[in-house]
Amino acid sequence: MDLAPFPVAERDAVVIESAPVGRRYHRLRLDAPDLSARGRPGQFFHLLCRDGGGNGPYLRRPMSIWRCGAEEPLGFLFHVKGRGTAALAALRAGDRLSVVGPLGQGFSLHPSWRRILILARGVGLATLAPLTDAAARLGIAVDAVLSARDPADLMADEFAGASGALVTPVFDADGSSDPAAVEALLRARFEAARPDAVFTCGSNRLFLLLQRLSAEYAIPGQVALEQQMGCGLGMCFCCVRPIRAPDGGTVNLRVCAEGPVFDLQAALGW
Amino acid sequence: MDLAPFPVAERDAVVIESAPVGRRYHRLRLDAPDLSARGRPGQFFHLLCRDGGGNGPYLRRPMSIWRCGAEEPLGFLFHVKGRGTAALAALRAGDRLSVVGPLGQGFSLHPSWRRILILARGVGLATLAPLTDAAARLGIAVDAVLSARDPADLMADEFAGASGALVTPVFDADGSSDPAAVEALLRARFEAARPDAVFTCGSNRLFLLLQRLSAEYAIPGQVALEQQMGCGLGMCFCCVRPIRAPDGGTVNLRVCAEGPVFDLQAALGW
Amino acid sequence: MVDLTTRIGAVTLANPVMPASGTFGPELAQVFDLGLLGALVTKSVTPEPRSGNPLPRLCETEAGILNSIGIPGKGLDHFIAHAIPEWRRFRPPLVVSLSAGTNAAFAEAAARLADTPGIAAIEANISCPNLEEDGRAFAMFPESAAAAIAAMRARCALPIWAKLSPNTGDIAAVARAAEEAGADAIVVANTILGLAIDIEKATPKLGAGMGGFSGPAFKPIALRLTWQCAQAVRIPVIGVGGIATAEDAVEFMMAGATAVQVGTASFISPTALVQVIDGLRDFCTRRGFARSADLTGLALPGSGRLAAE
Amino acid sequence: MVDLTTRIGAVTLANPVMPASGTFGPELAQVFDLGLLGALVTKSVTPEPRSGNPLPRLCETEAGILNSIGIPGKGLDHFIAHAIPEWRRFRPPLVVSLSAGTNAAFAEAAARLADTPGIAAIEANISCPNLEEDGRAFAMFPESAAAAIAAMRARCALPIWAKLSPNTGDIAAVARAAEEAGADAIVVANTILGLAIDIEKATPKLGAGMGGFSGPAFKPIALRLTWQCAQAVRIPVIGVGGIATAEDAVEFMMAGATAVQVGTASFISPTALVQVIDGLRDFCTRRGFARSADLTGLALPGSGRLAAE
Ligand SMILES: Cc1cc2nc3c(=O)[nH]c(=O)nc-3n(C[C@H](O)[C@H](O)[C@H](O)COP(=O)(O)OP(=O)(O)OC[C@H]3O[C@@H](n4cnc5c(N)ncnc54)[C@H](O)[C@@H]3O)c2cc1C
Ligand SMILES: Cc1cc2nc3c(=O)[nH]c(=O)nc-3n(C[C@H](O)[C@H](O)[C@H](O)COP(=O)(O)OP(=O)(O)OC[C@H]3O[C@@H](n4cnc5c(N)ncnc54)[C@H](O)[C@@H]3O)c2cc1C
Ligand SMILES: Cc1cc2nc3c(=O)[nH]c(=O)nc-3n(C[C@H](O)[C@H](O)[C@H](O)COP(=O)(O)O)c2cc1C
Ligand SMILES: Cc1cc2nc3c(=O)[nH]c(=O)nc-3n(C[C@H](O)[C@H](O)[C@H](O)COP(=O)(O)O)c2cc1C
Ligand code: FES
Ligand code: FES
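Predicted model, so just to flag it, every value in this text is computed and none were measured.

## Looking at the overall build of chain C
When its secondary structure is counted, chain C shows 9 helices and 16 strands. Relative to the globule expectation of 19 Å for 309 residues, the C-alpha radius of gyration of chain C, 18 Å, shows essentially globular dimensions. Based on the C-alpha atoms only, the size of chain C along its principal axes is roughly 50 × 50 × 40 Å. Here chain C, with 309 residues, has 66% of them falling under the buried criterion. Intrachain contacts of chain C at a sequence separation of at least 6 include 68% that bridge at least 24 residues. When the accessible surface of chain C is summed, it comes to about 10,400 Å², and 51% of that surface belongs to carbon and sulfur atoms. A gap of 3 Å separates the mean positions of the 24 positive and 28 negative side-chain charges of chain C.

## With respect to a negative patch on the surface
Judged by side-chain charge, C:Glu132, C:Glu133, C:Asp134 and C:Glu143 come together as a negatively charged surface patch. For C:Glu143, a relative accessible area of 58% translates into the label exposed.

## Brief notes about the interface of chain C and chain D
In this assembly, 41 residues from chain C lie in contact with 41 residues from chain D. Interface area for chain C against chain D, summed over the two sides, is near 3,300 Å², with a carbon-plus-sulfur share of 68%. Inspection of the chain C/chain D interface yields 4 salt bridges. Among the salt bridges present, the one from C:Glu200 reaches D:Arg287, with a minimum N-O distance of 2.9 Å. At the boundary of chain C with chain D, the tally comes to 10 residue pairs in polar contact (both at pLDDT 80 or more). For the side of chain C that touches chain D, the elements supplying multiple residues, two or more each, are β11 (192–194), β13 (203–204), α5 (219–232), α6 (246–254) and α8 (272–287) of chain C. With 6 residues, α5(C) is the single largest residue contributor to the side of chain C that touches chain D. Residue classes in the side of chain C that touches chain D are distributed as 26 nonpolar, 7 polar and 8 charged.

## Comments concerning unusual backbone geometry
A cis amide bond, omega 5 degrees, links A:Gly259 with the succeeding residue A:Pro260. Residue placement: A:Pro260 occurs in the loop between β13 (250–254) and β14 (261–263). In this model, D:Leu55 is joined to D:Pro56 through a cis peptide bond whose omega is -15 degrees. In this fold, D:Pro56 is placed in the loop between β4 (40–41) and β5 (58–61). The phi torsion at B:Met155 lies on the positive side, around 60 degrees, for a residue other than glycine. Here B:Met155 lies in the loop between β8 (141–148) and α4 (156–160). With a relative accessible area of 7%, B:Met155 lands in the buried category.

## So, the site of ligand 2
Residues and elements named next belong to chain B. Taken together, 20 residues are adjacent to ligand 2, and Pro62, Lys81, Gly84, Thr85 and Glu226 come closest. The side chain of glutamate 226 places a nitrogen or oxygen atom 2.6 Å from a nitrogen atom of ligand 2. When isolated, ligand 2 has an accessible area of 830 Å², and the protein chains bury 83% of it. Of all elements in the fold, only β4 (61–64), β5 (74–79) and α2 (83–89) reach the threshold of two or more residues within the shell around ligand 2. The greatest single-element share of the shell around ligand 2, amounting to 4 residues, is contributed by β4. The residue inventory of the shell around ligand 2, partitioned by class, reads 9 nonpolar, 7 polar and 4 charged. Two domains share the shell around ligand 2, each providing at least three of its residues, namely domain 1 (9–103) and domain 2 (115–263).

## What about the domain arrangement of chain A?
Residue and element names in this part refer to chain A. On domain assignment, one finds that chain A holds domain 1 (9–103) and domain 2 (115–263). The gap between the C-alpha centroids of domain 1 and domain 2 is 22 Å. Between domain 1 and domain 2, the buried area comes to about 2,000 Å², and carbon and sulfur atoms account for 59% of it. One salt bridge connects arginine 23 with aspartate 150, and the closest N-O pair in it is separated by 3.3 Å. Viewed at the interface, domain 2 and domain 1 are joined by 7 residue pairs in polar contact (both at pLDDT 80 or more). For the side of domain 1 that touches domain 2, the secondary structure elements donating two or more residues are β2 (25–31), β3 (44–47), β4 (61–64) and β5 (74–79). With 3 residues, β5 is the largest single contributor of residues to the side of domain 1 that touches domain 2. Classifying every residue of the side of domain 1 that touches domain 2 gives 11 nonpolar, 4 polar and 5 charged.

## Focus: the UniProt feature "domain: Dihydroorotate dehydrogenase catalytic" (unreviewed entry) in chain C
With numbering aligned to this structure, UniProt lists the feature "domain: Dihydroorotate dehydrogenase catalytic" (unreviewed entry) at residues 4–282 of chain C. Secondary structure within residues 4–282 of chain C divides into 31% helix and 20% strand; the distance between the first and last C-alpha atoms comes to 11 Å.

## Concerning the sheet that holds strand β14 (residues 261–263) of chain B
Residue and element names in this part refer to chain B. The 6 strands lie next to each other as β9-β8-β7-β10-β11-β14, forming an open sheet whose pairing is mixed. The outermost strands of the open sheet, each flanked by one partner alone, are β9 (166–171) and β14. Here the average twist between neighbouring strands, direction ignored, is 20 degrees. The pairing of strand β10 (residues 197–201) with strand β11 (residues 221–224) spans 3 bridges and is classified as parallel.

## Structural notes on the confidence of the model for chain C
Low pLDDT marks stretches whose predicted atomic positions should not be read closely. Residues and elements named next belong to chain C. Per-chain confidence: chain C averages 96 in pLDDT, with 98% of residues scoring 70 or above. Counting contacts from residues 305–309, a segment whose pLDDT is below 50, to residues more than four positions away or on other chains yields 10 contacts. The ipTM value of the predicted complex is 0.96, and its pTM value is 0.96.

## Focus on the UniProt feature "binding site: FAD" (unreviewed entry) in chain A
Residue and element names in this part refer to chain A. The positions that UniProt labels "binding site: FAD" (unreviewed entry) are, in the present scheme, Arg61, Pro62, Met63, Ser64, Gly84 and Thr85. Since its relative accessible area comes to 19%, serine 64 is described here as buried. Residues in contact with serine 64, not counting those within four places in the same chain, are Gln43, Phe44, Gly75, Phe76 and Thr127. As for its position among the elements, glycine 84 is in helix α2 (residues 83–89). With a relative accessible area of 2%, glycine 84 lands in the buried category. Excluding its chain neighbours within four sequence positions, the residues that come into contact with glycine 84 are Cys49, Pro57 and Arg61.

## Some thoughts on the pairing of strand β8 (residues 121–125) of chain C
All names here are of chain C. Burial of β8 is extensive: 5 of the 5 residues sit out of reach of the surface. Residue alternation in β8 divides its side chains into two sets, Ala121, Glu123 and Asn125 and Ile122 and Ala124, and both sets are buried. Note: strand β7 (residues 94–98) against β8, 4 bridges, orientation parallel. Paired with leucine 98 across the bridge in β8 is alanine 124. Direction of pairing for β8 relative to strand β9 (residues 160–163): parallel, over a ladder of 4 bridges. Bridge pairing in β9 links asparagine 125 to lysine 163. Handedness of the crossover joining β8 and β9 through helix α3 (residues 142–155): right-handed.

## Points about the packing of aromatic side chains
Tallied over the full model, the rule gives 18 aromatic pairs over all chains. Of the aromatic side chains, those joined through ring pairs into one cluster are A:Phe107, A:Trp113 and A:Phe199.

## Observations concerning the site of ligand 3
All names here are of chain C. In the vicinity of ligand 3 there are 21 residues, among which Ser21, Ser44, Lys163, Gly242 and Thr264 approach most closely. Within the side chain of lysine 163, one N or O atom sits 2.7 Å away from an oxygen atom of ligand 3. In the model, an oxygen atom of ligand 3 is placed 3.3 Å from a nitrogen or oxygen of the asparagine 190 side chain. In isolation ligand 3 offers 600 Å² of accessible surface; the protein chains occlude 95% of this area. When the residues that make up the shell around ligand 3 are grouped by side-chain class, the tally is 6 nonpolar, 14 polar and 1 charged.

## A closer look at the arrangement of the chains
Taking contact number as the criterion, the leading pair out of 4 pairs of chains in contact is chains C and D. Separated in space, chain B and chain C share no contact, their closest pair of C-alpha atoms being 12 Å apart. For the non-touching pair chain A and chain D, the nearest C-alpha separation works out to 12 Å.

## Quick word on the pairing of β8(B)
All names here are of chain B. Here β8 lies mainly inside the structure; 7 of its 8 residues are buried. Taking the sense of rotation as the criterion, the β-α-β connection linking strand β7 (residues 115–121), helix α3 (residues 124–137) and β8 turns out right-handed. Bridge count between β8 and β9: 6 bridges; the pairing is parallel. Bridge pairing in β9 links alanine 144 to valine 167.

Rules behind the numbers
- Residues numbered from 1 in each chain as written.
- Chains lettered and ligands numbered in written order.
- Predicted model: local features only at pLDDT ≥ 70, side-chain atom pairs only at ≥ 80, totals over all residues.
- Heavy atoms only, no water.
- Helix = DSSP H or I, 4+ residues; strand = E, 2+ residues; numbered from the N terminus.
- Rg over C-alpha atoms; globule rule 2.2 N^0.38 Å.
- Buried < 20%, exposed > 50% of the residue type's maximum accessible area, 1.4 Å probe, protein only.
- Contact = heavy atoms within 4.5 Å.
- Areas by Shrake-Rupley, 256 points an atom, 1.4 Å probe, with all protein chains shown as cover.
- Lys, Arg positive; Asp, Glu negative; His and termini not counted.
- Charge placed at Lys NZ, Arg CZ, Asp CG, Glu CD.
- Patch = residues over 30% accessible without salt bridge, like charges linked within 9 Å, V, L, I, M, F, W, Y side chains within 5 Å.
- Salt bridge = Lys/Arg side-chain N within 4 Å of Asp/Glu carboxyl O.
- Buried area = accessible area lost by both parts, 1.4 Å probe.
- Polar contact = N/O pair within 3.5 Å; in protein donor to acceptor, adjacent residues only side chain to side chain.
- Nonpolar A, V, L, I, M, F, W, Y, C, P; charged D, E, K, R; others polar.
- Near = heavy atom within 4 Å.
- Domains from an automatic or database assignment.
- UniProt positions renumbered as here; feature names shortened; annotations may be inferred.
- Pairing = 2+ DSSP bridges.
- Axes fitted to C-alpha atoms, helices over the stretch in contact; angles between N-to-C directions.
- pLDDT = per-residue confidence, 0-100.
- Right-handed = clockwise from strand over helix to strand, strands pointing away.
- Phe/Tyr/Trp six-rings, centres within 6.5 Å; stacked < 30°, edge-to-face > 60°.

Next up, the structure:
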């Protein structure tokens, strides 16, 4: 049911593409032009995970917007992890998928910025991917460090699309993704051309590293957090995470409502 | 799981045909040669009603054997009535269907018989259909009166197959299915060539008529009853019906275990 | 045109469908017009601020969920200062769910709410732990339920709806005790205690151990409690537990409910409340009921109203 | 090789998996070798013949069923003369479920069963109506539960397993009372009262009105009751309610059950019992448990056994 003009829709959308990506990931594209146009990078949809026959877990699953925009089908890219994502991966073109969204607070990009740095690992890149297009449209250069097990797991195309982002891959396979190596890499970037802001998602270790370095270099940052969700709308308070308050203490904030994007320095490791 | 040599199997069988029959009916044929060979006319299977995607009601649904035999796929013919049968009708060739069976006490045919009469209405003919083949194999002639709304609902081919049964259709549309008309028809048959036994299923009115006439003519008879089921195996006692006992009282017998086929005179109307 | 008007004592609702406490918030106004609802029901507010239970606070089960949220919130002062004004932006009557640990705290908080304009009724969440009774919920026993309601009644002229717990052994006795203590309506039921275990970790799935079970799987129990309460009291009964569709709501009304609440279903379908209202109207139209109120109690023993029609 | 041997007091089972009373019969021997089971549990037998409840006696709900079968049967004499010999064809220990309307009738019947060879234990179905207490189930209250068990204990040397009802407000107190009265094990839980309404007819779906709710939807409640009982008593607890898979059985064992019963699941999958036994063995193998008995209580507060490993 879509009760326009409400900002959040509950809607059945038709799947126009459903395809595996690499060994463990899957992408879905939906025919929902207005929702795609309304979505912002860092926001998410709450998906009813039912395979073509209606089978799946009771609760919805939160999924970041991976592709959005007036000219793009609404896209999701996910790790096939458990029962919910398995049901999603079983959808075929032509099936219907019930979505609720767009939800949550996305990333912010200041038009005055010239260059941002993105540090992502694994499927965290799905969440950060739409930032590359948005930045490109604002003329902001994107420098991205993508960490993956090996080249087969990297999904650089899925990340950058046609945005022109500069992608530096680092891999477990050759040791280039070691924390020390990534720290050296980031320090070199920060010294060479200090980004106006940094962004991360998907790895606690990389989050802690980026938090420490960007504090040292006084670069503002944003992180997209994950948490198990019930309602996805801010009503049930099951998705809270402790976030540093200005007074130095912590407050429990709802990842679905105050997040999923939080200030990099205010967030805590998980 | 099929734990041969147990007489009742729980088994996933592959659907080899799934097709609508007329306006309100549907037939399924399954690849399960040993179960088909084991099934007897009047027995039933308990079907887990899940559409291709695993969606359907919690309990199984009982369904008479419509086609069986060493050379035949196991077949069911049913009225698409509610949630369970709708899920069954949504199956496609290649899908799997979990069956439990064969279950219950089927019809008995005495090799000494020369001629039987079958009176069926609606989907009751699915239950009686396999009798025609069995009788043919014993050299027993089958005289069948099939009652239906109109020719489109009759399913005479579904009933008699290649058995050579003599089918007399009667219709609501032209009044030939009126109780009085059917009574006259049956009396004429009984006078002309007294059957050795009569069989019915599917209509309370026709059951009562046949019970009365066959008592008058002292012809033995059998009726297949229906009742809502839980376990289908005789364990839960939810499927009982009152049946006349030899002492004149009634006893509650389980349709799944002591039935579904009962002596025509012992059964009560429903 | 079907008349959906519903009277719960002195409170008149445009229709008998409202959200269940703790599963609703002004956030839902992002999805549909909250003005469509029969009433608004807030999360339970507690006198003092609470931080809530450890994570995970929610897990799913077969056709349901377990939760141990723990009523986090900023306390009554903040609620009166900030939440009430926010709620007053919406048309429907505002029902404030109140939770407290002692009879005195219930009474004190009820008195303060009675002094606050804009509140149509208090829903007393007496399913919460009674600190003076070893933490056993007020609604476990007729005596403690009655004491809490009576304490509020003495200090507050607002209608009081007593929200009962399914964890008691005798719901009818608790409902009668609440009625006698002055409750204006019975809301039944809160979640029933449940448990789920993560067998890989060998620990409960919820951080708090046990949790409250809700959702479609809980419906047959909540419907039975509604039916038992409707036969035990003369005040209106509001049914809640597993309602996800208009058909579910009709079941509760036929079992004796004057109105219904929709909780967990809103997590799966944020428009569930609207769908229930629309579907209820459709059911009445199709079956020729001029007023949805005529459904109430139709299936109760001795009613036989439909059969007679 | 995983050791599945299970001890319930004096009774030793080859494995901890058995059927639940009323959902099992010798008919299941048509589907698999009943010799595989940990024990056989009969339908409840009553002293006198009973014809059972009006139809319909069963209806389905979301992931569960309601039943009001009403314990039809031919009475104890017929049971001893005909059913016991039939059961004795099978290897596993035979547990006879007994139901009666008064303490005296329970005691008398227990004495007769004690005189009958071939019975390993009596499961006292004290969830049935107590005719001397207005029809409220014995297992509703600690006192009446204890009185029924004590009456049997005095007349019968067989192990007595007390089968408790989820409809009480204080399962721990009832379990303790049964233990003190001499029960050798606790079986928890029987079905919980539920209701479903046919909204087209405006009547309950079951002929008897309310019925007992069971199946996967009931699992979180039964698991919680098992967990509460396991913490309340020292005698073994047998968990039952919604178990359909080996993973479910492991949850109950980690929650404190020494053994489990599978009921409604056998209606959907007649081989469920065998699947649970096989899956339990597989789980133990995969996770390196040499004995399935080591699972019992792993998730109880303060156990921390897995974490320590
Ligand atoms: C705002 C947000 C955006 C997300 N975006 C993406 C994305 O773009 N791509 C992607 O692959 N994953 C994303 N995730 C994680 C994704 O929601 C989980 O992987 C998914 O819920 C797993 O469901 P499952 O049934 O397959 O797994 P299971 O492990 O069986 O799920 C069991 C339960 O745990 C919850 N859960 C498990 N993992 C997570 C997790 N990491 N975060 C939150 N809840 C979890 C599930 O929702 C469910 O309630 C996002 C999570 C959040 C909160
Ligand atoms: C032994 C036996 C053999 C049968 N053989 C056939 C057959 O060959 N072809 C056919 O079309 N139908 C047959 N039926 C009836 C068939 O089982 C029901 O039509 C079917 O269960 C309806 O399920 P549903 O979910 O579609 O309908 P619903 O009406 O939604 O079912 C609701 C509940 O009522 C029960 N129920 C409804 N109608 C019947 C009925 N007539 N008999 C028993 N339970 C019922 C269902 O099992 C279910 O529990 C047979 C019934 C029995 C007992
Ligand atoms: C996440 C969650 C939080 C809840 N919080 C409250 C609460 O604060 N106060 C209250 O009275 N009931 C609370 N409940 C219970 C619901 O109001 C309702 O009684 C119960 O969930 C059964 O209805 P349902 O099955 O429709 O959810 C909560 C339920 C859930 C699922
Ligand atoms: C049809 C049916 C009949 C039952 N009959 C009995 C009975 O005679 N005695 C008894 O103690 N429990 C009886 N029960 C309860 C079960 O033994 C079991 O405690 C309950 O169903 C919960 O387990 P389940 O969810 O695995 O079915 C019956 C349950 C069902 C569904
Ligand atoms: S998921 Fe319910 S508040 Fe965030
Ligand atoms: S269906 Fe269970 S006894 Fe017949």
